[in-house]
Every structure is written in structure tokens, then in C-alpha cells.
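Reading the structure
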Amino acid sequence: VLNAGSARGVSDSVGLTNAEQPTLSGKGPANMALVLKQDGAVLSTVTTDANGDWHYTVSSLTEGVHGFSLHLGDTGLASPTLSVTVDRTAEKPGTPQLHASSEASYPGNNSTSDTKPRLTGSGAEDFAAISIYADGVKVGSATADANGQWDAALTTALAIGTHQITVTQQDHAGNVSALSSALALTIAAPLPASLAAPVLDTGSDSGGSDEDGLANA
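In this report, we go over the structure that sits alongside the text. (Residues numbered from 1 in each chain as written. Predicted model: local features only at pLDDT ≥ 70, side-chain atom pairs only at ≥ 80, totals over all residues. Heavy atoms only, no water.)

1. Points about the side chain of histidine 66
- By the element assignment, histidine 66 lies in strand E6 (residues 64-71).
- For histidine 66, a relative accessible area of 9% gives the class buried.
- For histidine 66, the side chain forms a polar contact with the side chain of aspartate 39, separated by 2.9 Å.
- Those residues in contact with histidine 66 that sit more than four places away from it in its chain are Gln38, Asp39, Leu61, Leu82, Ser83, Val84 and Val86. (Helix = DSSP H or I, 4+ residues; strand = E, 2+ residues; numbered from the N terminus. Buried < 20%, exposed > 50% of the residue type's maximum accessible area, 1.4 Å probe, protein only. Polar contact = N/O pair within 3.5 Å; in protein donor to acceptor, adjacent residues only side chain to side chain. Contact = heavy atoms within 4.5 Å.)

2. Regarding the sheet that holds strand E13 (residues 150-153)
- In space, the 3 strands of this open sheet follow the order E8-E10-E13, with antiparallel pairing throughout. Every interior strand has two partners, whereas the edge strands, strand E8 (97-98) and E13, have only one.
- Sheet topology note: the E8/strand E10 (residues 118-121) ladder contains 2 bridges and is antiparallel. Paired with leucine 98 across the two strands is leucine 119, which belongs to E10. (Pairing = 2+ DSSP bridges.)

3. With respect to the sheet that holds strand E1 (residues 16-17)
- Sheet architecture is open: 5 strands sit in the order E1-E7-E6-E3-E4, paired in mixed fashion. The outermost strands of the open sheet, each flanked by one partner alone, are E1 and strand E4 (41-47).

4. As for unusual backbone geometry
- For phenylalanine 127, which is not glycine, the phi torsion reads 60° and is therefore positive.
- Structurally, the position occupied by phenylalanine 127 is in the loop between E10 and strand E11 (129-134).
- On the basis of relative accessible area, phenylalanine 127 is assigned to the partly exposed category, the value being 48%.
- Phi is positive for aspartate 135, close to 55°, though the residue is something other than glycine.
- Tracing the chain through its elements places aspartate 135 in the loop between E11 and strand E12 (137-143).
- Note on aspartate 135: relative accessible area 46%, which makes it partly exposed.

5. Thoughts on the pattern of salt bridges
- On inspection of all chains with the given rule, the structure shows 3 salt bridges.
- Between lysine 27 and aspartate 53 there is a salt bridge, with its nearest N and O atoms 2.7 Å apart. Placement of lysine 27 in strand E2 (residues 23-27) and of aspartate 53 in strand E5 (residues 53-57) is noted, with a sequence separation of 26 residues between them.
- By relative accessible area, which is 24% here, aspartate 53 ends up partly exposed. (Salt bridge = Lys/Arg side-chain N within 4 Å of Asp/Glu carboxyl O.)

Nothing here speaks to function; it is all geometry.
Structural data, given as C-alpha cells:
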């Protein structure tokens with residue numbers, strides 16, 4: 001199996017890692033030399049200790065899927081193959097977008113009066129951890145779904161003004177992507193509930209009161 005220090009998957013047995021030099025371990029008969037193979041070719045000989053334990057650090061693995069197995073000399077006795085996936089790259093996700101529910105007061109221009117607006121995004125790996133930033137400061141997080149889409153409201157309020165919103169993703173192997181392209185998001189002052197009707201200035205009103213709207217100007 002992959003040692004816990006090298007494994008980055010849901011469990012050590014998943015065989016997912018971003019380590020440059022992952023460590024393998026296993027059990028066998030005590031004090032016995034065993035042949036370790038990688039992708040069908042002899043990699044090294046490992047010797048178990050008195051408890052039957054062995055460890056081996058692979059010097060370098062390229063990205064992709066590799067198979068490791070143990071063999072007892074030329075006897076034909078071999079272990080099941082451990083499949084190890086080496087993943088050291090996380091692509092940057094798509095540009096975040098303002099969710100329609102937060103855009104309602106200022107439709108169509110990436111503006112909102114909601115200081116903790118709801119955002120959406122796509123282009124992430126399945127179930128990746130999403131971090132949301134405003135002007136370089138983390139202001140929220142989300143988890144992508146099976147299709148790499150996510151949806152979350154910010155947890156930190158934004159000040160009135162325009163902010164550059166970016167996101168990163170962290171994949172199952174622990175890789176963190178570069179920042180996405182930015183969404184220019186404007187936090188605007190809340191719209192008033194209503195507008196007062198215009199009135200004639202006193203100097204222009206020639207009627208009996210300022211409210212009768214009568215003028216000879």
C-alpha cells in the first residue's frame with residue numbers, strides 16, 4: 001500500500017498521490033527477500049524484517065497510473081497489483097459568476113446590493129474543494145458536484161465597490177490550482193423602496209400652496 005505520508009486519496013488503499021517520491025509498504029514472510037516490480041519490470045529487491053514488514057521509497061514517478069507487485073524469486077508466487085495514480089496537476093477552474101438570485105436588484109451587469117452574494121462556477125474536478133477570493137482575500141468556500149459545478153454564498157461581507165472575484169480548486173490528490181480568471185463584481189448601495197414625486201420649488205409655484213403644482217414661470 002501507499003504509506004499515509006504519500007497517500008492523498010480518500011484512504012491509503014486508493015493509491016492516489018502527488019508525492020515526488022512516494023513510499024510503499026507491505027507484509028510478507030519474515031526476513032525474506034522479495035522482488036518489487038513496477039509496471040511489470042523489476043524495480044528493486046526488498047527484505048522484510050522480523051515482523052514481515054517492508055518499506056520502499058520510489059525515487060521518481062511520472063504522472064499517470066503505475067502498477068506495483070511483489071514476487072517471490074522465480075517461484076511464480078506474486079502479490080496482487082497495487083495501482084498507484086500519480087497526479088501533480090490541478091487545472092484552474094472556470095471564471096466564477098454571480099448567481100441570478102443575488103443579481104435580482106441589478107440584473108445583467110454583475111452588480112448586487114447583497115454584501116454576501118451567491119456565486120456559481122464550473123470547470124472544477126468532481127467533488128473538488130473550491131476556495132473563493134475577493135481581491136486576493138479568501139471570502140468563502142464550496143464543494144464541486146460530480147459534474148465539477150459549484151454554488152455558494154460568501155461567508156465574509158464585501159464593502160461597497162468593485163471587487164475582483166477569483167477561485168481555486170484543490171483536487172483529490174491535494175493539488176491546488178492557479179487562480180481562475182476574475183469576475184469584476186460590484187457591490188452597490190441598496191435600492192430605495194420607492195421614489196418621491198418631484199415638486200415645484202417655492203419660487204416657481206404661483207398657486208395657493210406649494211403642493212398645487214400651479215405656476216406661471
